[in-house]
Every structure is written in C-alpha cells, then in structure tokens.
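The residues making up each chain are set out below.
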Amino acid sequence: SLANKNLPRSAKKPLSYLKQRGVTKKDILKWKIGYCPEGRYGGRIIIPSFNSDGNVNYFIARSYVGHQRKYLNPRANKDIIFNQLSVDWDSPVTLVEGVFDAIVAGENAIPILGSTLRNTTKLFQAIAINDTPVYLALDEDAKKKTGQIIKNMLEYDIELFNVDTSGCEDVGSMTNQVFNERKQKAETVDYDNFFLFNALRAL
C-alpha cells in the first residue's frame, strides 16, 4: 500500500508516476492506492474497488514502468459499481470512463470502466432507483456511445448534465480545477435538446 507511512525503496517509481499524473497523497489515501513490485502484476499501480459491504470486488492494475499493455485487470465480472462503499446516492454523481478520470473528477465520481453503460447494469439501475442526478463526462472519442447512454438515461427520466471534455485526451489529463470549471458550465440534457446535442457532436 502506498498509503502507509513508512514505504520501501521500491515505492519510489510508482509514487513518481502518480505525481506525474497529478495524483496527490490525499488521493492515494482516499482511493487506497497500492502497487506491485513483482509477480503477475509487477510494475503496476493497483487501485481497488470496494462494494457496499467494504469488500474488494475489483481492481485496476495500471503499468508504471512502460509495459506494452497498459492495463492488466483481473478476470472478474465488471458489472460492479466501482467503490460503491463511497458513493452518496443522494447527491449528484459524475460518470467518467476510467479510475484516473474519477480521481480528477473528485467527490462522488464513478468510473464506468469503459465507454458503455447499458440500462441493465448495476450502476445504471442504482442511479435510476435512487433518482440520482448525473454529470456525464466521457471522452470526446466516444460520441456514439455517449449518445446511447444519454438516450437510455432520458428514457428513465434521469436528471442529466453533460460536461464538455473537448480539447483534452480525457478527464484524467485535466487538472481538478479545470474539470470543476467545466462541470460548473455543464449543460442540461433533455428530450428538447437531445437531437440537437447529437447533431452538434456529429460535426
């Protein structure tokens, strides 16, 4: 664990990698970030997910030494709510693609572990059941998939806001300040502007 007070020398490289990505000590503690110096996941940052009971149900393993395969994740069911233990369903959630995006997005951010979110998934159903407002902040290169997610959410009458991520590779490449500024300017998405939203994204 990189959250420990006394760390071995092998922690130097993963800490340096996280610092380059703008991950702070506070982030490390909050997300309980660790690393593997050797073994199957050797040379990888480990970011665990905890279910509502506090048990680990998944983890992200991201290379910090330049592996050709950046991510090497477990062979486990991805139909989870990442870090469900920390989600406040009574407050708006921010949906992003990856865990590093969620770290930048801050409080109540949930990575969907990709760019798709079907209405049958546990995450989608939890949002619908709790009537939780959603800020959607997916990468610009996922236009078609983002449109499908929006369509599904509108069908469930979910209060929805779209965060502009244009001009950036992903949310994880922004600073927290830049993301919050964009989030404050997020546009409401409803049936009245959904078709216009799609048309503009197709340009």
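Only a predicted model underlies this, so the values are computations on that prediction, with no experimental measurement involved.

*Asks:* Go over the nonpolar core with me, naming the residues and quoting the values.
*Replies:* Formed by 33 residues in total, the largest nonpolar core has its most connected members in Leu18, Ile33, Ile45, Ile47 and Phe82. Listing elements by their share of this core, those giving two or more residues are α1 (12-20), α2 (25-31), β2 (44-50), β3 (56-63) and α3 (99-105). Excluding anything up to four places from it in sequence, Ile33 contacts Ser1, Leu2, Ala3, Leu18, Val23, Asp27, Ile28, Ile45, Ile46, Ile47 and Ile103. Ranked by size, the runner-up nonpolar core spans 22 residues in total, among them Leu95, Leu117, Leu123 and Ala126.

*Asks:* Requested: an account of the pairing of strand β4 (residues 93-96), with residues and values cited.
*Replies:* Taking every second residue as pointing to the same face, both faces of β4 are buried, with Val93 and Leu95 on one and Thr94 and Val96 on the other. Pairing geometry for β4 and strand β6 (residues 134-136), over three bridges, is parallel. Each bridged residue has a counterpart across the sheet, and for Val93 the counterpart in β6 is Val134. Sheet topology places β4 next to strand β5 (residues 109-111); three bridges connect them, and they run parallel. Within the sheet, the bridge partner assigned to Thr94 lies in β5 and is Ala109. Running through α3, the crossover from β4 to the neighbouring parallel element β5 is right-handed.

*Asks:* Break down the sheet that holds strand β1 (residues 34-36) for me, with residues and values.
*Replies:* Taken in spatial order, the three strands of this open sheet run β1-β2-β3, and their pairing is antiparallel. Each having just a single partner strand, β1 and β3 make up the two edges of the open sheet. Pairwise comparison of adjacent strand axes, ignoring direction, gives a mean angle of 35 degrees for this sheet. Sheet topology places β1 next to β2; three bridges connect them, and they run antiparallel. Across the sheet, Tyr35 pairs through a bridge with Ile45, a residue of β2.

*Asks:* Requested: an account of unusual backbone geometry, with residues and values cited.
*Replies:* One non-glycine residue, Leu113, adopts positive backbone phi at about 60 degrees. Within the secondary structure, Leu113 sits in the loop between β5 and α4 (122-130). Residue classification places Leu113 among the buried positions, given a relative accessible area of 16%. With a phi angle near 60 degrees, Asp157 is a residue other than glycine that sits in the positive phi range. For Asp157, the position within the fold is in the loop between α5 (143-155) and β7 (160-162). Taking the relative accessible area as the measure of exposure, Asp157 reaches 64% and is therefore exposed.

*Asks:* Explain the pattern of salt bridges to me, and be specific about the residues and the numbers.
*Replies:* For the coordinates displayed, the defined rule picks out one salt bridge. As a salt-bridge pair, Glu107 and Lys30 come within 3.5 Å of each other at their nearest N and O atoms. Here Glu107, found in the loop between α3 and β5, pairs with Lys30, found in helix α2; they are 77 residues apart in sequence, far enough to count as distant. On the basis of relative accessibility, which here comes to 63%, the residue Glu107 falls in the exposed class.

*Asks:* I'd like to hear about the sheet that holds β7, residue by residue, with values.
*Replies:* One open sheet holds the five strands; their spatial order is β5-β4-β6-β7-β8, and the pairing between them is mixed. Looking at the sheet topology across the chains shown, the edges are occupied by β5 and β8 (187-189). On average, each strand axis in the sheet is inclined to that of its neighbour by 30 degrees, with strand direction left out of account. Judged from the three bridges that link them, β7 and β8 form a sheet pairing that is antiparallel. What sits directly across from Phe161, in β8, is Thr188. Against the sheet, α5 contacts β4, β6, β7 and β8, and its axis sits at roughly 165 degrees relative to β6.

The rules behind these values
Residues numbered from 1 in each chain as written. Predicted model: local features only at pLDDT ≥ 70, side-chain atom pairs only at ≥ 80, totals over all residues. Heavy atoms only, no water. Core = buried A, V, L, I, M, F, W, Y, C linked by side-chain atoms within 4.5 Å. Buried < 20%, exposed > 50% of the residue type's maximum accessible area, 1.4 Å probe, protein only. Helix = DSSP H or I, 4+ residues; strand = E, 2+ residues; numbered from the N terminus. Contact = heavy atoms within 4.5 Å. Pairing = 2+ DSSP bridges. Right-handed = clockwise from strand over helix to strand, strands pointing away. Axes fitted to C-alpha atoms, helices over the stretch in contact; angles between N-to-C directions. Salt bridge = Lys/Arg side-chain N within 4 Å of Asp/Glu carboxyl O.

Distances and angles like these do not, on their own, reveal function.
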